[in-house]
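Survey of secondary and tertiary structure
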Amino acid sequence: MNDDGPSADSPNASGPSAELTIGHLARRTGMSVRTIRYWSDLGVLPPVGRSPGGYRLYDAESVARLELVRTLRELGLGLDDVRRVLAGETSVAEVAAVHVAALDARIRALKVSRAVLSSVAKRDSTTEETALMNRLARLSADERRRIIEDFMEEVFGGLDIDDELRGRLRHAAIDLPDDPTPDQVDAWIELAELLQDAEFRAGMRTMMRLNSPLPGTGAAPPGASIWFARQVVEVVGEARKRGVEPTGPEAARVLHDLFGDADPAQVLLRLEAGSAAGAVRYRQLVARVRGREPRPAHTGEFDWLATALRAETAVRPPTRRVPPPRRRVSAGPADPSHPHR
């Protein structure tokens, strides 16, 4: 039976205390008859009575109730929550607080989805790669921590690293925040893939082993932590600005300033180990996951340094006398952008 009532204005639909049919209520609120009838059937908007012809009737309070229902629905509340608010079982504030938390969770999930889709489009990923990226992006905090701990153990386990440094390595915060940006999610996806790559782990293990203290001495080997020494980059950068050729005699003085009488072949070994391992990419990804601006890769400086070390290695020992140094520069403190500081 159609109980919508007359659709045209009639005397009983005017005045503050007039009773309205669904058709009149729809005209007054701008909502569809179908929606009003549906909410009425569910008990969210019960009629105040029936007309002699059997039509549902509503009053001014029904108009206000309908506006509240519409507002709550537009804010995303479910009909069960709307019904509880209207029945006085809970307040709008209480329902809103719960809904805000749910929306926050949904927003975080949508950000992750957006970041994954952005990565898929940027990398032109296959179906299998897309599934892997989605899984990595949605790992729990515990699962992400296990990936990092497994990587740390395989790379640093058993090496002669001092206790303070070992503690910093194990507790370095490399994790997504509760509300990550798309770039942080994208960086985490790439970092997680990298940390689980056997070749990358082996390369980093080799790099760290070569940078561990010399057996029985406790002394740092030649060129230790070269990839993360800020002064190395600064000194080489100054040499490049002056136009110093890496194969020329002036380059030998730069190397002596940096490394003293250390065997250039040993310094080169550690430089190339870091390059092969992908140390710079690792450092940049960690910075992005932490929400920081990655420091430049300084590719030109490290390429110049590698060329100079190869040239110096080729003439030792000891057919070439190193010119007296202008100054002596130590390897310097660890680059503050290094994630293991």
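As the structure is a computational prediction, the values presented were derived from the model and not from experiment.

In this section: empty space enclosed by the protein. Within the structure shown, the criterion is met by two cavities of 30 Å³ or more. By volume, the largest cavity is sized at about 70 Å³. Looking at the largest cavity, it is lined by 12 residues, and the ones nearest its centre are Leu255, Gly260, Ala262, Pro264 and Arg316.

We now examine the pattern of salt bridges. Scanning the entire structure with this criterion turns up 14 salt bridges. In this structure, arginine 70 engages glutamate 67 in a salt bridge whose closest nitrogen and oxygen atoms are separated by 2.7 Å. Within this pair, arginine 70 and its partner glutamate 67 are both found in helix 3 (residues 60-74), separated by three residues, close to a single helical turn. Look at glutamate 67 and you get partly exposed, because its relative accessible area is 31%. Linked through salt bridges whose partners overlap, the residues forming this network are Lys122, Asp183, Asp186 and Arg288.

Moving on, we come to helix 15 (residues 299-314). For helix 15, with 16 residues, the first-to-last C-alpha span of 23 Å sits near the 22 Å given by 1.5 Å per residue. Along helix 15, the positions that sit buried rather than exposed are Glu301, Phe302, Trp304, Leu305, Ala306, Ala308, Leu309, Ala311 and Glu312. Residues of helix 15 that are buried sit in contact with helix 11 (230-241), helix 12 (249-259) and helix 13 (264-277).

Time to look at helix 6 (residues 127-137). Restricting attention to buried positions, one finds in helix 6 the residues Met133, Leu136 and Ala137. The arc that holds every buried residue of helix 6, seen down its axis, measures 95°, which confines them to one face. Exposed residues on helix 6 whose side chains face more than 90 degrees from its buried face are Thr127 and Glu128. For helix 6, the secondary structure elements touched by its buried residues are helix 5 (92-123) and helix 9 (182-195).

Our next topic: the packing of aromatic side chains. For the structure on display, the rule yields three aromatic pairs. On the numbers, 5.8 Å between centres and 10° between planes, the contact of phenylalanine 151 with phenylalanine 200 is stacked. With phenylalanine 151 in helix 7 (residues 141-156) and phenylalanine 200 in helix 10 (residues 198-210), this pair connects stretches of sequence that are 49 residues apart. In this structure, phenylalanine 151 and phenylalanine 200 share a single accessibility class: buried. Relative to tyrosine 282, the ring of phenylalanine 151 has its centre 5.7 Å away and its plane inclined at 40°; by these criteria the two rings are tilted. Here the residue phenylalanine 151 occupies a position in helix 7, and tyrosine 282 occupies one in helix 14 (residues 279-289), the gap between them amounting to 131 residues. Under the relative-accessibility criterion, phenylalanine 151 is labelled buried at 1%.

If you trace the backbone, histidine 24 turns up in helix 1 (residues 22-29). Judged by relative accessible area, histidine 24 falls into the buried class, the value being 5%. At 2.9 Å, the side chain of histidine 24 and the side chain of threonine 21 are in polar contact.

Here is what the cut-offs are and how they apply
Going along each chain's sequence as written, the residues are numbered from 1 onward. Selection of residues for local features in this predicted model requires a pLDDT of at least 70, selection of side-chain atom pairs for listing and counting requires 80 or more, and totals for whole chains, interfaces and linings are taken over all residues. Just so you know, side-chain values use all the structure's heavy atoms and leave hydrogens and water out. Grid points spaced at 1 Å over the protein atoms alone were grouped into cavities, where a 1.4 Å probe fits but cannot get out, and pockets, open sets with protein on both sides within 12 Å along at least five of seven lines, with lining residues defined by an atom within 4 Å of a point. Grid points are joined across faces, edges and corners, and a volume is the space filled by probe spheres set on the points. The rule for a salt bridge is simple: a side-chain nitrogen of Lys or Arg has to be within 4 Å of a carboxyl oxygen of Asp or Glu. The way it works is that DSSP assigns letters per residue, a run of H or I at least four long becomes a helix, a run of E at least two long becomes a strand, and they are numbered from the N terminus. Whether a residue is buried, partly exposed or exposed follows from its accessible area with a 1.4 Å probe, protein chains only, as a fraction of its type maximum: under 20%, in between, or over 50%, in that order. In this scheme, a helix's expected span is set at 1.5 Å multiplied by one less than its residue total. When checking whether two residues touch, look at their non-hydrogen atoms; a contact exists if any pair is within 4.5 Å. Each direction from the helix axis to a C-beta atom contributes to the arc, which is the arc of those directions. Aromatic pairs are defined between Phe, Tyr and Trp rings, using the six-membered ring for Trp, whenever the two ring centres lie within 6.5 Å; interplanar angles under 30 degrees are classed as stacked, those over 60 as edge-to-face, and all others as tilted. Whenever two N or O atoms come within 3.5 Å, that pair is a polar contact, provided that in protein one can donate a hydrogen and the other can accept it, and provided that, for residues adjacent in sequence, both atoms are side-chain atoms.

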